[in-house]
Amino acid sequence: MASITPRPLVAGNWKMNGTTVSLKEVRLLTGMLKGVRLKCDVMVCPPSTLLSRINGLTKSSRVSLGGQDCHDQVNGAHTGDVSTEMLEDAGATAVIVGHSERRADHGETDTIVASKAAAAHRAGLVSIVCIGETLKERKAGETLRRVGAQLKKSLPASANSKNTVVAYEPVWAIGTGLTPTTDEIRAVHRHVRKGLIRALGPKAGLLVPILYGGSVKPSNAEELMAVEDVNGALVGGASLKAADFIGIIKAYT
Ligand code: PGA
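Residues numbered from 1 in each chain as written. Predicted model: local features only at pLDDT ≥ 70, side-chain atom pairs only at ≥ 80, totals over all residues. Heavy atoms only, no water.

## Remarks on the overall build of the chain
Let me state the cut-off plainly: Only runs of H or I of at least four residues qualify as helices and only runs of E of at least two qualify as strands under DSSP, and these elements are numbered from the N terminus. Here the globule rule is a power law, 2.2 Å times the number of residues to the power 0.38, and the radius of gyration is based on C-alpha atoms. Whether a residue is buried, partly exposed or exposed follows from its accessible area with a 1.4 Å probe, protein chains only, as a fraction of its type maximum: under 20%, in between, or over 50%, in that order. The contact criterion used throughout is that any non-hydrogen atoms of two residues lie within 4.5 Å. Counted as positive: Lys and Arg. Counted as negative: Asp and Glu, with His and the chain ends omitted from the count. Charged side chains are reduced to one point each, which is NZ for Lys, CZ for Arg, CG for Asp and CD for Glu.
Each helix and strand in the chain was counted, giving eleven helices and eight strands. Over its C-alpha atoms the chain spans a radius of gyration of 17 Å, differing by no more than 12% from the 18 Å that the globule rule assigns to 253 residues. With the principal axes as the frame, the chain shows a C-alpha extent of 45 × 45 × 35 Å. A total of 253 residues make up the chain; the buried ones form 52% of that total. For the chain, restricting intrachain contacts to residue pairs at least 6 apart in sequence, the fraction spanning at least 24 positions comes to 73%. Between the centroid of the 31 positive side chains of the chain and the centroid of its 23 negative side chains there is a distance of 4 Å.

## What about the packing of helix α5 (residues 110-122) against helix α7 (residues 143-154)?
Inclusion rule: With axes taken as lines fitted to C-alpha atoms, and helix axes fitted only over the stretch in contact, angles between N-to-C directions fall between 0 and 180 degrees. Throughout this description, any angle smaller than 35 degrees is read as roughly parallel, any larger than 145 degrees as roughly antiparallel, any in the 65 to 115 degree range as roughly perpendicular, and the remainder as oblique. Polarity classes work like this: nonpolar for Ala, Val, Leu, Ile, Met, Phe, Trp, Tyr, Cys and Pro, charged for Asp, Glu, Lys and Arg, and polar for all others, with Gly in that last group.
Their axes nearest at 8 Å, the elements α5 and α7 cross at an angle of 45°. With respect to α7, the axis of α5 lies oblique. Here α5 contributes D110, V113, A114 and A117 to the contact with α7, which in turn contributes A149, Q150, K153 and S154. Of the residues contributing to the contact of α5 with α7, the split by class is four nonpolar, two polar and two charged.

## As for the nonpolar core
Operational definition: We call a set of buried Ala, Val, Leu, Ile, Met, Phe, Trp, Tyr and Cys residues a nonpolar core when their side-chain atoms join them within 4.5 Å.
Counting 58 residues, the largest nonpolar core has L29, V192 and I249 as the members making the most contacts within it. Ranked by the residues each element gives to this core, the list is headed by helix α11 (residues 242-249), at five residues. Ignoring anything within four residues of it in the chain, the contact list for L29 reads V44, V63, A242, F245, I246 and I249. A11, I96, I128 and L234 belong to the second-largest nonpolar core, a separate cluster that totals twelve residues.

## Side note on the environment of T84
Relative to the helices and strands, T84 is located in helix α3 (residues 84-89). Along the backbone, T84 and K116 are 32 residues apart, and their C-alpha atoms lie at a distance of 8.5 Å. Other than its neighbours up to four places away in sequence, T84 contacts C70, H71, A119, A120, R122, A123 and L125.

## Thoughts on the site of the ligand
Worth spelling out the cut-off: One heavy atom within 4 Å of a molecule or strand makes the whole residue count as near it. Pairs of N or O atoms within 3.5 Å make up the polar contacts considered here, provided that, within protein, one atom can donate a hydrogen while the other can accept it, and that residues adjacent in sequence are counted only when both atoms are side-chain atoms.
Neighbouring the ligand are 13 residues, the closest being K15, H99, E169, G175 and S215. A distance of 2.6 Å separates an oxygen atom of the ligand from a polar atom in the side chain of K15. G175 places a main-chain nitrogen or oxygen 2.7 Å from an oxygen atom of the ligand. Partitioning the shell around the ligand into residue classes produces four nonpolar, seven polar and two charged.

## Digging into helix α8 (residues 182-200)
Note the cut-off: What a helix should span is 1.5 Å times the count of its residues minus one. What the arc covers is the set of directions going from the helix axis to the C-beta atoms.
For α8, which comprises 19 residues, the first-to-last C-alpha distance of 26 Å matches the rise-based estimate of 27 Å (1.5 Å per residue) to within 8%. Listed in full, the buried residues belonging to α8 are I185, V188, H189, V192, R193, G195 and L196. For α8, the buried positions fall inside an angular range of 165° around the axis, keeping them on one side. Summarising the geometry of α8, the exposed residues directed more than 90 degrees from the buried face are D183 and R198. Just beyond α8, the residue with positive phi is G201, at close to 95°.

## Quick notes on the packing of helix α1 (residues 23-33) against α11
Heads up, the rule is: In this scheme the handedness of a crossing depends on how the near helix is turned from the far one: anticlockwise by less than a right angle means left-handed, clockwise means right-handed.
Two elements in contact, α1 and α11, have axes separated by 9 Å at closest approach and are oriented at 35°. The hand of the α1/α11 crossing is right-handed. Taken together, the residues of α11 that come into contact with α1 (itself represented by E25, L28, L29, M32 and L33) are A242, A243, F245, I246 and I249. Its residues placed into classes, the contact of α1 with α11 shows nine nonpolar, no polar and one charged.

## Considering unusual backbone geometry
Here K15, not a glycine, exhibits a phi torsion of approximately 55°, which is positive. Along the chain, the position of K15 falls in the loop between β1 (9-13) and α1.

## Some remarks on a positive patch on the surface
The test is simple: Like-charged residues within 9 Å of one another, or nonpolar side chains (Val, Leu, Ile, Met, Phe, Trp, Tyr) within 5 Å, are grouped into patches, provided each residue has over 30% relative accessible area and no salt bridge. The accessible surface values rely on the Shrake-Rupley method and a 1.4 Å probe; as for residues, cover is taken only from the protein chains in view. Take a side-chain nitrogen of Lys or Arg and a carboxyl oxygen of Asp or Glu: if they are within 4 Å of each other, that pair is a salt bridge.
On the surface, a cluster of positive charge is made up of K152, K153, R190, K194 and R198. Residue assignment for the positive patch shows that the elements contributing at least two residues are α7 and α8. Of the residues forming the positive patch, the biggest block, three residues, is contributed by α8. Looking at the secondary structure, you find K153 in helix α7.

It is worth stressing that arrangement in space is one thing and function is another; only the former is reported here.
Okay, structure coming up:
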């Protein structure tokens with residue numbers, strides 16, 4: 001779309017998967033990336049319980065760390081929650097906010113997502129803001145309107161090109177093996193790009209990476225990552241095994 005393009009990011013969202021047994025996958029990943037010329041950044045978002053352990057393994061590697069969710073307060077009486085300051089302390093440099101599973105399982109609204117993203121920025125973390133339509137919305141022809149509205153309401157005033165990444169993840173494509181066509185992805189990403197330019201201005205709006213997420217795997221990564229305005233991937237299932245994740249990262253070698 002433009003001469004200024006964001007640095008792509010391939011981020012692995014482990015979701016509620018992973019114990020200390022999974023540390024070996026991180027060792028494999030950092031080993032495989034050594035000496036490889038990469039045209040993207042690589043991130044792993046494990047469960048909070050593993051952040052510190054994985055930080056010990058990735059500190060001097062090219063793999064950065066992210067959390068999967070956060071509270072919008074610094075601390076306090078919020079049993080079970082994790083603050084952005086805690087994530088930062090454990091070694092994260094980013095946090096996913098507004099994943100559709102959080103929106104569905106925990107009733108998170110765009111307003112909540114925006115305040116979580118603001119909390120990430122306050123702690124010096126990058127917020128990876130997730131948006132995406134349901135199958136019902138897609139069938140009703142409401143995809144662009146839905147995604148545009150989510151973007152507008154989920155970005156806090158503190159968002160800029162250095163602290164924000166957007167992930168477009170059609171809910172119906174997550175974990176299903178289904179993906180939109182490249183034309184469908186191009187249309188949504190172009191719409192998101194326009195929304196970012198409207199929200200952040202032409203310069204910052206062009207520099208925010210827009211990731212695609214939903215059934216990205218080694219066999220489709222190259223095709224999906226080549227779509228205009230796709231600046232990387234948010235990967236669920238295929239990020240759990242280093243060999244699969246590397247197969248996706250290879251789209252950027
Ligand atoms: P998936 O998940 O790659 O397993 O479809 C993507 C995501 O939910 O981030």
